[in-house]
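What follows is the residue order along each chain.
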Amino acid sequence: MKTIRYIITSIFLLFAVQSMAVAQSTNITETFKKHFNETVQQVQQTESADEKRLILNDSFTKMITALDRIESKADLTKDESAQLNSFRSDISDKQNELNGLDGFDEVLDEDLDDFSNFSQDFMEQANRTITIGATTALLILIILLLVL
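What this report covers is the structure whose coordinates are included nearby.

Calculation notes
- Residues numbered from 1 in each chain as written.
- Predicted model: local features only at pLDDT ≥ 70, side-chain atom pairs only at ≥ 80, totals over all residues.
- Heavy atoms only, no water.
- Helix = DSSP H or I, 4+ residues; strand = E, 2+ residues; numbered from the N terminus.
- Buried < 20%, exposed > 50% of the residue type's maximum accessible area, 1.4 Å probe, protein only.
- Contact = heavy atoms within 4.5 Å.
- Core = buried A, V, L, I, M, F, W, Y, C linked by side-chain atoms within 4.5 Å.

Let us now look at the overall build of the chain. What the chain contains, in helices and strands, is six helices and two strands. Helices (α) and strands (β) of the chain occur, in sequence order from the N terminus, as α-β-α-α-α-α-β-α. Looking at the 148 residues of the chain, the share that counts as buried comes to 36%. Within the chain, counting contacts between residues at least 6 apart in sequence, those at least 24 apart form 75% of the total.

Counting residues in each nonpolar core, the largest one holds 22 residues, and the members touching the most others are F36, L56, F60, M63, L67, I91 and L98. If you list the elements that add at least two residues to this core, you get α2 (28-45), α3 (49-73), α4 (78-99) and α5 (112-124). Counting residues per element, this core draws most heavily on α3, at nine residues. With residues up to four places along the chain from it excluded, the contact list for L56 reads F36, T39, V43, L98, L112, F115 and S116.

Structure follows, in structure tokens:
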């Protein structure tokens, strides 16, 4: 009986320690960079300009949707919320540029590969770090995977 109790207690402590280790903060921009890197690869492998435009549009929309859900579900500080809004605005600007909205000229079909690379470089060089909890990061990954 004592052996079973020790085993159960050990397993419980093991899961508790694992949970604490996983609960470290995660950088949301890294998650989006990985997602957009996959998008760029899809764009590069696609021949049709309409499909490329659709892939890019879907990716931008998914990221904006994920940011909206994070903001509504996570308890963010004013600074984190401002960073999130800035990131959302930058993504929205890229989507508007792609589609020729809000005063931007529409990206030409033959320039979609270059635009996807430029957008990826823009995200890679973004001078912002938005740090969130692991639970919220998991939520982001699930959202991005579900909408793929």
